[in-house]
Amino acid sequence: MHRRNWLIQIRSKSKMTQNEVSKKAGISRSGYSNIEIGARNPSVESAQKIAKVLGFNWTIFLKSVASI
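Residues numbered from 1 in each chain as written. Predicted model: local features only at pLDDT ≥ 70, side-chain atom pairs only at ≥ 80, totals over all residues. Heavy atoms only, no water.

1. Description of helix α2 (residues 18-25)
Next up, step 1: Listing the buried residues of α2 in full gives Gln18, Val21, Ser22 and Ala25. For α2, the arc enclosing every buried residue in end-on projection is 95°, short of the 170-degree limit, so these residues lie on one face. Opposite its buried face, α2 presents the exposed residues Lys23 and Lys24, each directed more than 90 degrees away.
Next up, step 2: Packing partners of the buried residues in α2 comprise α1 (5-13), α3 (29-37) and α4 (44-54).
Next up, step 3: The positive-phi residue at the C-terminal boundary of α2 is glycine 26, with phi of around 75°. (Buried < 20%, exposed > 50% of the residue type's maximum accessible area, 1.4 Å probe, protein only. Helix = DSSP H or I, 4+ residues; strand = E, 2+ residues; numbered from the N terminus. Arc of directions from axis to C-beta. Contact = heavy atoms within 4.5 Å.)

Dropping the structure here:
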């Protein structure tokens, strides 16, 4: 399990809670939390939704998976 500190930092800078991000992205809070802590990888669709909410390029998820 590899914690996605970059995702936590982006969310913190956006001043949003996990609950707020998950609601706006249309995914469960527990699912979003599992993505942040690295317990699961997001689908392409979920990665795109999270990135849209937080304002970054969704392909960063692919880069973080490739570096594991």
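From this point, the discussion proceeds with the structure in view.
2. Quick notes on the packing of α2 against α3
Next up, step 1: Where α2 meets α3, the closest approach of the two axes is 8 Å, and the angle between their N-to-C directions is 110°. Comparing the axis directions of α2 and α3 gives the class roughly perpendicular. Helix-helix and strand crossings are classified by hand; for α2 and α3 the assignment is right-handed. Contacts between α2 and α3 involve Gln18, Asn19, Val21 and Ser22 from the former and Arg29, Tyr32, Ser33 and Glu36 from the latter.
Next up, step 2: Residue classes in the contact of α2 with α3 are distributed as two nonpolar, four polar and two charged. (Axes fitted to C-alpha atoms, helices over the stretch in contact; angles between N-to-C directions. Parallel < 35°, antiparallel > 145°, perpendicular 65-115°, else oblique. Left-handed = near helix turned anticlockwise from the far one by under 90°. Nonpolar A, V, L, I, M, F, W, Y, C, P; charged D, E, K, R; others polar.)

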